[in-house]
Amino acid sequence: MSSSRPQPRPGVLSISAYVPGKSGAPGAAKVFKLSSNESPLGPSPHAIAAYQAVGQHLEDYPDGAATRLREAIAGVYGLDPARIICGAGSDDLLNLIARAYLADGDEAIHSQYGFLVYPIATMGTGAKPVVAPEKDLTTDVDAILAAVTPRTKVVFLANPNNPTGTYIPFDEVKRLHRGLRPDILLVLDAAYAEYVSRNDYSTGLELVAESENVVMCRTFSKIHALAALRLGWMVGPAHVVDAVNRVRGPFNVNAPAIDAGIAAVEDAGHIELSRAHNDRWLPWLSEEIGKLGLTVTPSVANFLLIHFPGTNGHTAQAADAFLTARGLVLRSVASYGLPAALRMSVGTEEANRLVVASLAEFMAA
Ligand SMILES: *Cc1c(COP(=O)(O)O)cnc(C)c1O
């Protein structure tokens, strides 16, 4: 059929655009943003200084290969810098992977409550996102394996997952990998890896090193608290790195992000502070919110999923309005198919105590 105006490729108009967490609370005296899982401690002071120093040289293009940043990451994680690609957020990398490996008619699997960037990146290529049901808000490896068809090209797995905060042990990730055909790319998104303190968890680096079809993506937006700069990285086998580099924009990572990223990844002390803050407040929040009669999904990340009963006006939507009026901005997860829940990022001590006090007031009303 001919058309009187340009038409986007099939799939594009089926995308529901990503709805980011709210950032404001109009009218509230003080606003606590707990909607996008950013670190309450902010970035390393060294990263801020490095960012500011780049302001003296804005006329120069960045190093398109982000060489010094890849070397810094490689040094910290014991990797080969040639196997690393940096991106404008892991978002950029997930889209580049989709562009390199998916086409019309292909399928990419993600789990039921998986990160919404996966279906968006998939549909943008004309491929079809296939949803594998979860069990108890947790990735179900058997369901992913059952969803594989001859058209499957990519499996996206956030571990831990956002917005649920749950994870699967490394044995399960390995079982998933063993069950996939060797021509299917397994994308491990370990955005929250630094926060996990479980012996049976692994980011999957070992699987990346020993396979030809596994990549791992990481972000500087969470524990490194550089979300504004848009910075992420991935590591993978040489042939995947080669393919993704071919579709990558030549200057996809900006100069302030490169310099701040180097300082951030090398500041082990600041990373430890952020992790320790989370270790203290995540269990406290789970326990205190649980005492109010609300169900909290056990989380290993830097956020919690709080479920509302829906009775006596105690809906997630009403709680969201109640908290927002007090400057507490949480995340509605209705777009993830979880209309009865709100996601809360672990905040500063002040924010955390205020949320608990406000939820107590809400539940008493
Ligand atoms: C926040 C998040 C990311 C990071 O995205 P950026 O584009 O790097 O900011 C990636 N994956 C998941 C599951 C996330 O929650």
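Just above, that's the structure.
Only a predicted model underlies this, so the values are computations on that prediction, with no experimental measurement involved.

**Examining the site of the ligand**
The environment of the ligand is made up of Gly89, Ser90, Asp91, Phe115, Asn162, Asp189, Ala191, Tyr192, Thr219, Ser221, Lys222 and Arg230. One of the side-chain N or O atoms of serine 221 is found 2.6 Å from an oxygen atom in the ligand. Protein chains bury 93% of the 380 Å² of accessible surface belonging to the ligand in isolation. At three residues, helix H3 (residues 89–101) tops the list of elements feeding residues into the shell around the ligand. Of the residues in the shell around the ligand, the class split is three nonpolar, five polar and four charged.

**Describing the pattern of salt bridges**
Counted by the stated rule, this structure contains 18 salt bridges. Note that glutamate 194 and arginine 218 form a salt bridge whose closest N and O atoms lie 3.2 Å from each other. Placement of the pair is glutamate 194 in the loop between strand S6 (185–189) and helix H7 (205–210) and arginine 218 in strand S7 (residues 214–219), with a sequence separation of 24 residues. Under the relative-accessibility criterion, glutamate 194 is labelled buried at 10%. Through salt bridges with shared partners, one network takes in Asp142, Glu172 and Arg175.

**Structural notes on the side chain of threonine 297**
Mapped onto the elements of the fold, threonine 297 is located in strand S9 (residues 295–297). Among all residues touching threonine 297, those that are not within four sequence positions of it are Leu137, Thr164, Thr166, Leu305 and His307.

**Notes on the sheet that holds strand S8 (residues 232–235)**
With mixed pairing, the seven strands of this open sheet are ordered in space as S2-S8-S7-S6-S5-S3-S4. Two strands lie at the open edges of the sheet, namely strand S2 (84–87) and strand S4 (128–132), each paired on one side alone. In this sheet, adjacent strand axes meet at a mean angle of 20° when their direction is disregarded. When S7 meets S8, the two strands line up antiparallel, connected through four bridges. When the sheet's bridge partners are listed, arginine 218 is paired in S8 with tryptophan 233. Against the sheet, helix H6 (residues 170–179) engages strand S5 (152–158), S6 and S7, with an angle of about 160° to S6. In this fold helix H8 (residues 238–247) packs onto S2, S6, S7 and S8, with an angle of close to 30° to the strand it touches most, S2.

**Notes on the packing of helix H2 (residues 67–77) against helix H9 (residues 255–266)**
Running from N to C, H2 and H9 point in directions that differ by 10°, and their axes come no closer than 9 Å. Relative to H9, the element H2 lies roughly parallel. Within the contact between the two elements, H2 uses Arg68, Leu69, Ala72, Ile73, Val76 and Tyr77 and H9 uses Ile258, Asp259, Gly261, Ile262, Val265 and Glu266. A per-class count over the contact of H2 with H9 returns eight nonpolar, one polar and three charged.

**Here we look at the nonpolar core**
Membership of the largest hydrophobic core comes to 51 residues, with the highest contact counts inside it found for Leu69, Cys86, Phe220 and Trp233. Judged by nonpolar contacts, the second largest core, of 31 residues, contains Ile85, Val154, Val244 and Leu338.

**A look at the packing of H3 against H8**
At a minimum axis distance of 9 Å, the contact between H3 and H8 shows a crossing angle of 100°. The angle between H3 and H8 falls in the class roughly perpendicular. Each of Leu96, Ile97, Arg99, Ala100 and Tyr101 in H3 lies in contact with H8, whose residues at this interface are His239, Val240, Ala243, Val244 and Val247. For the contact of H3 with H8, the class distribution of residues is eight nonpolar, one polar and one charged.

**Observations regarding the sheet that holds S9**
Strand pairs in the sheet, formed through backbone hydrogen bonds, run parallel or antiparallel to each other. Here four strands make up an open sheet; going across it, the order is S9-S10-S13-S12 and the pairing antiparallel. Strand pairing shows two members of the sheet lacking a second neighbour, S9 and strand S12 (331–332), which therefore form its edges. Here strand S10 (residues 303–307) runs beside strand S13 (residues 341–345); their pairing, made up of five bridges, is antiparallel. By the bridge assignment for S13, histidine 307 is matched with alanine 341. Strands S9, S10 and S13 of the sheet are contacted by helix H10 (residues 268–291), whose axis makes an angle of about 10° with S10. Along the sheet, helix H11 (residues 316–325) contacts S12 and S13; its crossing angle with S13, the most-contacted strand, is approximately 40°.

Thresholds applied
- Residues numbered from 1 in each chain as written.
- Predicted model: local features only at pLDDT ≥ 70, side-chain atom pairs only at ≥ 80, totals over all residues.
- Heavy atoms only, no water.
- Near = heavy atom within 4 Å.
- Polar contact = N/O pair within 3.5 Å; in protein donor to acceptor, adjacent residues only side chain to side chain.
- Areas by Shrake-Rupley, 256 points an atom, 1.4 Å probe, with all protein chains shown as cover.
- Helix = DSSP H or I, 4+ residues; strand = E, 2+ residues; numbered from the N terminus.
- Nonpolar A, V, L, I, M, F, W, Y, C, P; charged D, E, K, R; others polar.
- Salt bridge = Lys/Arg side-chain N within 4 Å of Asp/Glu carboxyl O.
- Buried < 20%, exposed > 50% of the residue type's maximum accessible area, 1.4 Å probe, protein only.
- Contact = heavy atoms within 4.5 Å.
- Pairing = 2+ DSSP bridges.
- Axes fitted to C-alpha atoms, helices over the stretch in contact; angles between N-to-C directions.
- Parallel < 35°, antiparallel > 145°, perpendicular 65-115°, else oblique.
- Core = buried A, V, L, I, M, F, W, Y, C linked by side-chain atoms within 4.5 Å.

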